[in-house]
Amino acid sequence: MCSSDLLEGSPASVEGAIRMAAYRFHGTDGLRGRTMVPASPISLREAIEAFVLRKQLTPELLQALVRNTIYAYESLMGETMGVVIGRDPRDLYRGDPQKELLFYKALQEGVHSTGQKTYDLDVVPVPCIPYLMAYWNDPHGPIQSRLVLYKTASHNPASQDGLKIFFRRSRQDGEEECVKPPVELEWAISALLMKEALEGPLKKKSSRTGEREKIEETAPLVLRQVMDDAENLSPLESVDFMVADLANGSFAWPPYREVAQDILKKKGVARLLWVGNSPNGRNINSNEGNDRVGAAHFENVFRISAEEIENGKFHGFPALHALLEYGKEHAGEIADGKMAWAIFTDGDGDRSYAAFYNPFSREIEVIDGDKAFFFHVVKAMANGKLRPGDRVAVTVESSVPFVNALFAYLQKFHPVQMMFSPRDPLPEHRIGLVIAPVGDKYILDQQCYGAESSGHCIKPYKVVGWDGKRVHERVFAGNGLISSWDTVCAMNGALQGEYREKLDLPEERKARTEKLARPYEPPRNEIVRSEERRVGKECRSRW
């Protein structure tokens, strides 16, 4: 059945359209598709058909999606109090006077068509959104908005775009937390979107008129406050060299790049290089020529040889090339205890990978989200940040060897309980190991330490409110720049001898380096993969 059949208007076909839309429009984290600007305006029906059949995202669809997101939120959650908007730097049409920023303008117009005011952050890294929601979390604060709409296609190239949704949710203790939409809200958005395609835009009586207030100066200030706090970003020792790849994304935008450069320079790296730090709208997450950047290119990669960097599959990554050249030149110093690292963020800044030079194998060791999180937990346990009654969360994409290793490590400190549903009770004397569906939204919903193998690592941050008095101690967010730095701190500490007893690390440095690169074996056969799929199916059905 094609989408035009689904839009004919009978109750059965409308129900089918809604069900198809709910599946098609919202993936594991919002909506995304290949951008397409029609030669002349098209109807919403045609825009939906372009997305459903060809995964093409048009300005018409984005505007209607935004409008119906607000209506769905108000129906299920309550008043929005204005809408905060932002974006990553992607703009495939930059330089074209007819099309430049067309999709961001569609977002703005979608909000204003409901009468809502926009608070415009312009370009902003995704992790700043939970920080800002906490920063403004005050009955007397300057911005009371409870909904954030963010234009991005995350780790995908500039040819794609999309929409992420965040909102404030009240907790029992009176605090509020920033989360992503539950499936019920996504279904409601899809239903209203299809209703508009069939009947025209919803006409709601409102005395509000859409206004726009630019607030782009706030986010860099809040990011600086967060990164400058030692509780959020630890100092680093025994790292002589680091190259940071910002994917030509949000962290590469000048105000945020300056914050990152200022703060990380003070945190203990002797030599710090930056690549992927010149966004032009079209080079975000680039995979072309000698300007290949971003974390997305390293999924399911564990080790990279010098040959692959110089002449093979990984040629053209300036961060890998710089790390390899430094490692070869300083192999002796690195073998004696110093480390050389590369860290990689993605386009909107919420995920990361890390890599270090192994002087003994003369190769690059890649640290994915699972390995990174294993060492984040090691460090959190050592610092008393994880206690009985707390949970940690991974997803069904995590490998069985990783989950087993994480379970065994936590079990050295406290009893551990596996949890396959957010409704499972957790005894106070246990740590919960949650297996969630794919998507960092499910980890963020748990409001706990957690990670995906793809590089999303979530942890609590301390944020001081707008008045300088209110302190929010547990603001959960995924910050690719900070989480990769945490990976470096934790693994560097382990190499220098911290956590040695609990990790069973060998004394000899070469063996210890190999153990750090492979704290557990990656899955290598279909038996393991089929077991992961079985557990994933069970988890999704119970969730």
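One can find the structure itself at the top, above this paragraph.
The rules behind each value
Residues numbered from 1 in each chain as written. Predicted model: local features only at pLDDT ≥ 70, side-chain atom pairs only at ≥ 80, totals over all residues. Heavy atoms only, no water. Buried < 20%, exposed > 50% of the residue type's maximum accessible area, 1.4 Å probe, protein only. Helix = DSSP H or I, 4+ residues; strand = E, 2+ residues; numbered from the N terminus. Pairing = 2+ DSSP bridges. Core = buried A, V, L, I, M, F, W, Y, C linked by side-chain atoms within 4.5 Å. Contact = heavy atoms within 4.5 Å. Axes fitted to C-alpha atoms, helices over the stretch in contact; angles between N-to-C directions.

Caption draft 1: Region of interest: the pairing of strand β14 (residues 363–367). A large share of β14 lies buried, amounting to five of its five residues. Burial of the side chains of β14 extends over both faces: E363, E365 and I367 are buried on one face and I364 and V366 on the other. Bridge analysis of strand β11 (residues 303–304) against β14 gives two bridges, and the strand direction is antiparallel. Residue I304 lies in a different strand from β14, and its bridge partner there is I364. Sheet topology note: the strand β13 (residues 352–358)/β14 ladder contains five bridges and is antiparallel. Its bridge partner being in β14, A355 is matched across the sheet by V366. Connecting the antiparallel pair β13 and β14 is a turn made up of four residues, with R362 showing a positive phi of about 60°.

Caption draft 2: Spatial organisation of the nonpolar core. Among the nonpolar cores identified, the biggest contains 91 residues, and Y131 and W341 are the most heavily contacted of them. For this core, the element with the most residues is helix α16 (residues 480–495), which contributes nine residues. Every residue in contact with Y131, bar those within four places of it in the chain, is listed here: V222, L223, V226, Y461, V463, V475, A477, N479 and I482. Core analysis: the next-biggest nonpolar cluster, separate from the first, contains 36 residues, A64, F103, F167 and V179 among them.

Caption draft 3: Quick look at the sheet that holds strand β9 (residues 239–245). Pairing is mixed across the open sheet formed by six strands, whose spatial order is β10-β9-β12-β13-β14-β11. Edge positions in the sheet fall to β10 (271–275) and β11, since each has one partner strand and no second. Of the strands in this sheet, β11, β13 and β14 touch helix α18 (residues 509–517), which is tilted by about 160° from β13.

Caption draft 4: View of the sheet that holds strand β19 (residues 457–464). An order of β16-β17-β15-β18-β19-β20 is seen for the six strands of this open sheet, with the pairing classed as mixed. This sheet does not close on itself; its edge strands, each paired only once, are β16 (416–419) and β20 (471–478). Each neighbouring strand pair of the sheet contributes to a mean axis angle of 25°, computed without reference to strand direction. The pairing of strand β15 (residues 391–395) with strand β18 (residues 449–451) spans two bridges and is classified as parallel. Residue pairing for β18: A393 is matched across the bridge by G450.

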